[in-house]
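What follows is each chain in one-letter form.
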Amino acid sequence: MAGTLYLCATPIGNLEDMTYRAVRVLQEADLIAAEDTRNSIKLLNHFDIHTPMTSYHEYNKYEKGKKLVEKLLDGCDIALITDAGTPGISDPGEELVRMCYQAGVGVTAVPGAAACIEGLILSGLPTRRFAFEAFLPSDKKEREYIMESLVKEQRTIVMYEAPHRLVKTLKALEERLGGERKVSVCRELTKRHETVYCATLKEAAAYYGSNEPKGECVIVIEGLSREAAEQEERRKWEDMSIEAHMEYYLAQGIERKEAMKRTAKDRGVTKREIYKYLEKQKEK
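Residues numbered from 1 in each chain as written. Predicted model: local features only at pLDDT ≥ 70, side-chain atom pairs only at ≥ 80, totals over all residues. Heavy atoms only, no water.

What follows concerns unusual backbone geometry. Peptide bonds are, in most cases, trans, and in most cases residues other than glycine have a negative phi. Its identity is not glycine, yet Ala 134 carries a phi of approximately 55°, on the positive side. With respect to the helices, strands and loops of the structure, Ala 134 is situated in strand E6 (residues 130-135). In the Ramachandran plot, Thr 190 falls in the positive-phi region, its phi being about 70° despite a non-glycine side chain. By the element assignment, Thr 190 lies in the loop between strand E8 (182-187) and strand E9 (195-200). (Helix = DSSP H or I, 4+ residues; strand = E, 2+ residues; numbered from the N terminus.)

Here's what the structure looks like:
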């Protein structure tokens, strides 16, 4: 009978955030696959866990993943941990999960700390809908594509950033999203020097430009408001004449009355105003 892969979340700072279940699973597993065994040994020693470890990280995830799946198929129970937080969230894990499902191996999660969620709930910004972007891509073109997609994002945006790149990223976000967009920069989460700096993008870029940040950061950004999104949509149509706007819909086979209704909605006016304008144009 095949074993089970356990995705075990570990503390992102405060060791008291380790769950009883995570400790038990790590003690009872046949093997622990760790992102960095040198870091993880400190955690295991603290909780008196003596389970054998092997490395599983970004640079060996495919080759080592195959070996781990073989062990799982042989009945071995394996616990996957990263340096901090939840496996698969900006850390190795998703590929191994996929390989396990393809091989028919069971996978379960042992939940716990996740910096993206901690930052979101501490931000003071809307939490009902959010988009998680993790670390922005290092590739310039891909990074540009992501930044452009964030301009119209209406959900709260959550991303990670290293301290030495924080100011550069905040300035880029200010340029794209506008300096008045609200942001919360969360640092050293769950640790002694935890801070949450709530400001605008412009203020945050200036503040951290003068106060060098330390520790990994979670940036939580206000999404584009519904009102702003509607205004932006209207501005798109303002460059088009009403006649051309109507023709846009008529060319799709839409009836004239419906075309007037849609044109009016796009431009934020009443259908009657569109009708009056078109009638006046006929008289000229």
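Turning our eyes to something else, we now look at a nonpolar patch on the surface. Taken together, the side chains of Ile 89, Ile 117, Ile 121, Leu 122, Phe 130, Phe 132 and Val 196 make up a nonpolar region of the molecular surface, amounting to roughly 520 Å² of accessible area. Put simply, the parts of the chain that give the nonpolar patch at least two residues each are helix H5 (115-122) and E6. No other element matches H5, which puts 3 residues into the nonpolar patch. Within the fold, Ile 117 resides in helix H5. (Patch = residues over 30% accessible without salt bridge, like charges linked within 9 Å, V, L, I, M, F, W, Y side chains within 5 Å. Areas by Shrake-Rupley, 256 points an atom, 1.4 Å probe, with all protein chains shown as cover. Salt bridge = Lys/Arg side-chain N within 4 Å of Asp/Glu carboxyl O.)

Together, Lys 257, Lys 261, Lys 265 and Lys 271 line one region of the surface with positive charge. With 3 residues, helix H11 (residues 256-267) is the single largest residue contributor to the positive patch. For Lys 265, a relative accessible area of 69% translates into the label exposed. (Lys, Arg positive; Asp, Glu negative; His and termini not counted. Charge placed at Lys NZ, Arg CZ, Asp CG, Glu CD. Buried < 20%, exposed > 50% of the residue type's maximum accessible area, 1.4 Å probe, protein only.)

A few words now on helix H8 (residues 201-210). Those residues of H8 lying buried are Leu 201, Ala 204, Ala 205 and Tyr 208. For H8, the buried positions fall inside an angular range of 100° around the axis, keeping them on one side. Where H8 is buried, its residues contact helix H7 (166-177), E8 and E9. (Arc of directions from axis to C-beta. Contact = heavy atoms within 4.5 Å.)

Attention now goes to the sheet that holds strand E10 (residues 217-221). Adjacent strands of a sheet form backbone hydrogen bonds with each other and so pair up, either parallel or antiparallel. Overall, mixed pairing links the 5 strands, which are arranged E6-E7-E10-E8-E9 in an open sheet. Looking at strand neighbours, the two that pair on one side only are E6 and E9, the edges of this open sheet. Looking at each pair of strands side by side, their axes are set apart by 15° on average, direction ignored. Relative to strand E7 (residues 156-161), E6 runs parallel, the two sharing 5 bridges. The residue bridging Ala 131 from the neighbouring strand is Ile 157, located in E7. Lying on the sheet, H7 is in contact with E7, E8 and E10; it crosses E10 at an angle near 10°. (Pairing = 2+ DSSP bridges. Axes fitted to C-alpha atoms, helices over the stretch in contact; angles between N-to-C directions.)

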